[in-house]
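# Topology and contacts: notes
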Amino acid sequence: MREKQFGASALRKEDAALLVGKGRFVDDVKLPGMTFAAFVRSPHAHATISRIDVSAAKALPGVIDVITHADLPEPMRSRRLPLYVPNPAMKQVYMPTVLVDDEVCFVGEAVAIVVAESRYIAEDAAILVEIVYDVLPASIDPLSAIAEGAPLAQRTAKSNIVTQVPITFGDTDAAFAGAAHVFQESFFMHRGGPFFLECRGVVASWDVNSEQLTMYASSQGSHRFKRTFVDLLDFDENQVRVITNDVGGGFGPKGSFYVEYAATAAAAMIVGRPVKWIEDRRENFVATQQERDQYWDMEVAVDANAKLLGLRGRLVHDGGAYVTWGLVLPWIAATSVIGPYVLPNYRLELIVAMTNKITCSPVRGAGRPQGCFVMERMMDRISRELDLDRAEVRRRNFIKPEQMPYKVGLTFRDGKPAIYDSGDYPRSQQMALDHVDYESFETRRLAALEQGRYIGLGISNAVEGTGLGPYEGATIRISTSGKVVVYTGATPQGQSHKTTLAQIASDHLGIGIDDINVVTGDTGTIPFGMGTFASRTAVNAGSSVHLAGLEIVEKIKKVAADMLEVSPDDLELKDGGVEVRGIPGMRKTFRELANNSVGLYGFSMKGDRDPGLEATSYFKPEQSTYANSSHVAEVEVDIDTGHVKVTRVVVNHDCGRVINPMIVEGQIVGGVAHGIGNALFEQLLFDENGQPLTTSFAEYLLPMAPDVPNVEVIHTVSPSPLNPIGVKGAGEGGTIAVIAAIISAIENALKPFDARLAEMPISPEKIVRIVNRARAAMAST
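Here is a short report on the structure shown in this document. (Residues numbered from 1 in each chain as written. Predicted model: local features only at pLDDT ≥ 70, side-chain atom pairs only at ≥ 80, totals over all residues. Heavy atoms only, no water.)

## Focus on the overall build of the chain
The helix and strand tally for the chain stands at 20 helices and 29 strands. Computed over C-alpha atoms, the radius of gyration of the chain comes to 28 Å, within 12% of the 28 Å expected from 2.2 N^0.38 for 781 residues, which places it in the range of a compact globule. Among the 781 residues that make up the chain, the fraction classed as buried is 60%. Here the contacts in the chain between residues at least 6 apart in sequence split such that 80% fall between residues at least 24 apart. Carbon and sulfur atoms provide 52% of the accessible area of the chain, an area that totals close to 29,300 Å². In the chain, 76 side chains carry a positive charge and 94 a negative one; their mean positions are 3 Å apart. (Helix = DSSP H or I, 4+ residues; strand = E, 2+ residues; numbered from the N terminus. Rg over C-alpha atoms; globule rule 2.2 N^0.38 Å. Buried < 20%, exposed > 50% of the residue type's maximum accessible area, 1.4 Å probe, protein only. Contact = heavy atoms within 4.5 Å. Areas by Shrake-Rupley, 256 points an atom, 1.4 Å probe, with all protein chains shown as cover. Lys, Arg positive; Asp, Glu negative; His and termini not counted. Charge placed at Lys NZ, Arg CZ, Asp CG, Glu CD.)

Right under this line is the structure:
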């Protein structure tokens, strides 16, 4: 009997091509007559444009055209990019035009596109475009931007406040009035950009005869891009096809539709030849969306036993120049702060500020790391003030398994009440603590201290809303050649969809995963899709493949029963065919069945059968599923240089039933590496005029191999009751809680210096400053 594939650590189907250089990325697309594009970008954070002169650029040999906003076809010229997630709480909405009309709002904003016979010529010509700017005052820091009299980030705006809305449940004032203890903290949190291996890129091809636009894009959502093109050009659905092949990383911002994509499409239509644009790394720093600053001013109320009574405060979020994602990112942060704890009362004033920086976009974790950071730092503060063990404070406040499903009291990002579906949070933390022998750590810390070494341990817990709707689809089709193909709108960027979805289909069809071809991210193969983001594909596409699998098996057995003249109940799928159970020689192959299923020319279909062997399902989740994780991090700090070495990270992750343990572990480990970067290295800096100061990897640091320890991943399995395969998302769980755990561990290591850390990232310079300040205070006493 074949072993089940669901739950097996099957080797990735994707790797065979990638390891021998046969991956097909967007820059690998080569079309006849291809031309190449470069963009002219604003050097100012805020300015109006009084004149553009493209004549010198157009005169350069090899230049085909230089296109500005005024040259764009209608209705694209008159429209702005669509707002992905409208929210009635938004007081004002600003979205970009395709190429700047007359006001630039951040350094790097695209003003014109140059099309040439080579990228080199296009870059040379872009320098020759003359633009006269009238520079305007800019707002850079979100706190300053919301102050009275701050320069407007958009000249027609009423203020720089996009929204100011309370998020609340319970009676917070009463909770604080009756609290035994109240503690206040202010936090600053910065998360950087996505900085994937493969930068953004598109290839646009316009067929004038069929009036069809074909786009090859490095994206996280081909169908979303298609809908945007249809909207900008007033096209029929069949006039646009978006194809996403291999993608070298996405992390969130590749899910956004950028003006460069629309401008490249317009250029292809104007010049009548295919146009390729591949982002270079400097453009990646200034023009790809980022996740940046949040300021939190918070108070926590607890009783005499350290149990939470209430949490209140204010969050100011930097939304950037445009609000492509609405309130999604700060809303997730504000609603994720509750975490795995019983919090009876909560009130947060959420303020989203416009600034003259590139649009803020969700990056791996999407606000959850910030919410987790706030609560876990508060837990450590309670522990310190009440002289209690850090793990014990958390134990006293955990939601218990018997309380599931647990109603948090808030509306989550999916528009539904946040209701945790399953999980055992106390067990998750305890398993992680046992794995590191937590009880002995203080002894180890003191022993190291006697040797002049400063080691520390941090704990962090998080709950993650995953599997967001509205749907994802899958079609399973057996062709008349007998080949099996799964089509889905999910758009992977390294998550191994082709492997995991094949594993699910394999168990239904009785064939190996190598006998199943999985096609992702092509709008020409499945009509609807949402893409890959928010740890949603296993839940949505996985469930769709499962449901389609159930349906196609019924169809297969129905056709086979007719051909073999037996009952469908007597049949089983095995080795690329169907056979009568117990009679191996009595069988039909998939090829025979598929040919029979399409009927004979000129003859009526048999019975009530539909033609073909295929099934399509769109799984539509009623609400998000909630994964959780417990992280324990150990560090060693060099107090003279401020260098932090992360020596150990243990992650206990619960994503329900695990489709492929090896792939899940890879996702968790990669997420931890991302979180280490956010905790210790990554920061995008701007000067007072909005000029980016970190525009290469010389100034912006990423974690390297020596910075990431051997991450130890263990699992708690709490199947979700909300989907037919019992899974939850896993793509972001490694990132969300590890940042808080590392910062906590650093603070623990610096305990002799009475360190108080309330920001991320933490740099060596800041650590040395804390140590020197403490030494000076000790010396003075």
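Now that the structure has been shown, the text picks up again.
## Digging into the environment of V182
Locating V182 in the fold gives a position in strand β8 (residues 181-190). Judged by its relative accessible area of 38%, V182 falls in the partly exposed class. Expressed as a C-alpha distance, the spacing of V182 and E614, which sit 432 residues apart in the sequence, is 61 Å. The contacts of V182, once residues within four sequence positions are left out, are F176, E299, V300 and A301.

## Quick notes on the nonpolar core
Membership of the largest hydrophobic core comes to 152 residues, with the highest contact counts inside it found for W296, Y346, Y420, I742 and I746. The residues contacting Y420, other than those within four sequence positions of it, are I338, G339, I399, M404, P405, Y406, V408, Y425, V463 and Y626. A10, I478, V578 and I725 belong to the second-largest nonpolar core, a separate cluster that totals 41 residues. (Core = buried A, V, L, I, M, F, W, Y, C linked by side-chain atoms within 4.5 Å.)

## Re the packing of aromatic side chains
In total, this model carries 25 aromatic pairs according to the counting rule given. Their ring planes at 50 degrees and their centres at 5.0 Å tell us that F188 and Y295 sit as a pair that is tilted. Here Y295 lies in strand β13 (residues 293-302) and F188 lies in strand β8, a separation of 107 residues in the sequence. Judged by relative accessible area, which is 19%, F188 ranks as buried. Under the relative-accessibility criterion, Y295 is labelled buried at 19%. A network of ring pairs unites the aromatic residues F225, F229, F257, Y258 and Y261 as a single cluster. The ring centre of F533 lies 4.9 Å from the NZ or CZ of R224, which sits over that ring. (Phe/Tyr/Trp six-rings, centres within 6.5 Å; stacked < 30°, edge-to-face > 60°. Lys NZ or Arg CZ within 6 Å of the ring centre and 35° of its normal.)

## Regarding the sheet that holds strand β14 (residues 308-320)
Pairing is mixed across the open sheet formed by 6 strands, whose spatial order is β7-β15-β14-β13-β8-β29. Edge positions in the sheet fall to β7 (161-169) and β29 (759-760), since each of these pairs with one other strand and no more. Both β14 and strand β15 (residues 346-354) contribute to a ladder of 9 bridges, which runs parallel. Along β15, the bridge assignment pairs G313 with L348. On the sheet, helix α9 (residues 328-336) packs against β7, β13, β14 and β15 and is oriented at approximately 160 degrees with respect to β15. (Pairing = 2+ DSSP bridges. Axes fitted to C-alpha atoms, helices over the stretch in contact; angles between N-to-C directions.)

## A short note on the sheet that holds strand β26 (residues 625-637)
Sheet architecture is open: 4 strands sit in the order β18-β26-β27-β28, paired in mixed fashion. Two strands bound the open sheet, and with one partner strand each, they are β18 (454-466) and β28 (712-715). Direction aside, the axes of adjacent strands within the sheet are offset by 15 degrees on average. Relative to strand β27 (residues 644-654), β26 is paired through 10 bridges, and the arrangement is antiparallel. Within β27, the residue paired with V635 across the bridge is V646.

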